[in-house]
Amino acid sequence: MARRFVVNEKDISNINEDTIAIYGSEVKHIQVLRFNVGDAVTVNDGIYKIVEMKRDTVYLQYIKKANEVGVPSSNVTLYIALLKNDKLDFVIQKAVELGVKKIVPFTSSNVVVKLDDKSRQKRIEKLNKVAIEACKQCGRTDYVNVLNVLNFKNLKETLKNEKRVLFAYEASKDSLKKEINDIKEENINDIGIVIGAEGGFTESEAEELKNIENVKCVSLGTRILRAETAALNLISIVMYELEE
Ligand code: SAM
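Residues numbered from 1 in each chain as written. Predicted model: local features only at pLDDT ≥ 70, side-chain atom pairs only at ≥ 80, totals over all residues. Heavy atoms only, no water.

## Regarding the pairing of strand 2 (residues 12-16)
Examined bridge by bridge, strand 2 and strand 3 (residues 19-22) share 4 bridges and lie antiparallel to one another. Looking at the pairing, asparagine 14 lines up with isoleucine 20 of strand 3. (Pairing = 2+ DSSP bridges. Helix = DSSP H or I, 4+ residues; strand = E, 2+ residues; numbered from the N terminus.)

## Describing the packing of helix 2 (residues 87-98) against helix 7 (residues 227-241)
Packing of helix 2 against helix 7 leaves a shortest axis separation of 10 Å and a crossing angle of 10 degrees. Classified by the angle their axes make, helix 2 and helix 7 are roughly parallel. In this structure, helix 2 contributes Lys87, Phe90, Val91, Lys94, Ala95 and Leu98 to the contact, and helix 7 contributes Glu228, Ala231, Leu232, Ile235, Ser236 and Met239. For the contact of helix 2 with helix 7, a count of residues per class yields 8 nonpolar, 1 polar and 3 charged. (Axes fitted to C-alpha atoms, helices over the stretch in contact; angles between N-to-C directions. Parallel < 35°, antiparallel > 145°, perpendicular 65-115°, else oblique. Contact = heavy atoms within 4.5 Å. Nonpolar A, V, L, I, M, F, W, Y, C, P; charged D, E, K, R; others polar.)

## Section: the site of the ligand
Lining the immediate surroundings of the ligand are 18 residues, of which Ala168, Glu170, Leu220, Arg223 and Leu225 lie closest. The separation between an oxygen atom of the ligand and a polar main-chain atom of alanine 168 is 2.6 Å. One of the backbone nitrogen or oxygen atoms of leucine 225 is found 2.9 Å away from a nitrogen atom of the ligand. Looking at side-chain class alone, the shell around the ligand contains 10 nonpolar, 5 polar and 3 charged residues. (Near = heavy atom within 4 Å. Polar contact = N/O pair within 3.5 Å; in protein donor to acceptor, adjacent residues only side chain to side chain.)

## Notes on the domain arrangement of the protein chain
For the protein chain, the domain assignment lists domain 1 (3-65) and domain 2 (75-241). Measuring from the centre of the C-alpha atoms in domain 1 to the corresponding centre in domain 2 gives 32 Å. The interface of domain 1 with domain 2 comprises 10 residues on the first partner and 9 residues on the second. Taken as a group, Arg4, Val6 and Asn8 account for 61% of the area that domain 1 buries against domain 2, more than any other trio of residues on that side. Taken together, the connections running from domain 1 to domain 2 amount to 1 salt bridge. (Domains from an automatic or database assignment. Buried area = accessible area lost by both parts, 1.4 Å probe. Salt bridge = Lys/Arg side-chain N within 4 Å of Asp/Glu carboxyl O.)

## Some points on the pairing of strand 6 (residues 58-65)
The side chains of a regular strand alternate between both faces of the sheet. Here 4 bridges tie strand 3 to strand 6, and the two strands are oriented antiparallel to one another. Within the sheet, the bridge partner assigned to threonine 19 lies in strand 6 and is glutamine 61. As judged from the 7 bridges shared by strand 5 (residues 46-53) and strand 6, these two strands associate in the antiparallel manner. Residue pairing across strands places methionine 53 opposite valine 58, the latter belonging to strand 6. Counting the residues between successive antiparallel strands, the hairpin from strand 5 to strand 6 contains 4 residues.

## A closer look at the side chain of serine 172
Tracing the sequence through the fold places serine 172 in the loop between strand 10 (164-168) and helix 5 (176-185). Among the polar contacts listed, one links the side chain of serine 172 to the backbone nitrogen of aspartate 174, at a separation of 3.0 Å. A distance of 3.5 Å separates a polar atom in the side chain of serine 172 from the backbone oxygen of cysteine 217. If sequence neighbours within four positions are ignored, serine 172 has contacts with Cys217, Val218 and Ser219.

## Some words on helix 3 (residues 117-138)
Helix length check: helix 3, at 22 residues, gives a terminal C-alpha distance of 32 Å against a target of 32 Å (1.5 Å per residue), a fit within 8%. At its buried positions, helix 3 is contacted by helix 2, strand 8 (102-106) and strand 9 (145-146). Glycine 139 sits one or two residues past helix 3 and shows a positive phi near 80 degrees. (Expected span 1.5 Å × (residues − 1).)

## Brief notes about the sheet that holds strand 12 (residues 215-218)
Taking strand neighbours across the sheet as the criterion, the 6 strands line up as 9-8-7-11-10-12 in an open arrangement whose pairing is parallel. In this open sheet, the two edge strands, each paired with only one partner strand, are strand 9 and strand 12. Of the pairings in the sheet, the one linking strand 8 to strand 9 comprises 2 bridges and is parallel in character. Its bridge partner lying in strand 9, isoleucine 103 is registered against valine 146.

Structure follows, in structure tokens:
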């Protein structure tokens, strides 16, 4: 198989029907590895021939779809609060390994991380790099996108578009097992997982989430887990149950 490079969608532009241009860190990587015009490379899910190389850009002509490896058949999206320090990096790395397809950070009342527009953009870029590295390291041939940070209002709106959402809430008494059985019986393939910040959700935020029709509030047991533990625990259970 041609050597694989993972490029963020924002670093790809379509030049014409079968040619794309890529930018960013994988361009340097291709050059460092001494690839040249005429060589074949795999970029995300396609195999391409290098048709032109410039300092900051590589032009690629599409050959065919690459064989998929490690790509889960279910669409699990992790909605996770902006956690402190490098905890979010850790969760993202592990969530990618476990088979999450998309990651959406959000803020809520108890999120202590405050980012202005510039630092938020930088943070998302860094988190996308973490996701790309994790895809490569675990041998996934797809690309896991870390989307822009949602505020709580937009989080609620976005969750309405999911087929089913498992909202992990420490004050819940509702059975995760039951909700997972329902998901399996109904053959639901698109699932959102919501994990709060270190300080969790306020009661009123939790009520608002619970009131969304497709959102099922679930308990992960009687112990209060750290957000990182809760995220990886719930993702692992869902992936196991969906046989991913
Ligand atoms: N608000 C809590 C407090 O300060 O006591 C703790 C929040 S917990 C550290 C972070 C997140 O992990 C929660 O928002 C929730 O999504 C999830 N979580 C932790 N333990 C849980 C449990 N036993 N059941 C369901 N979700 C849990």
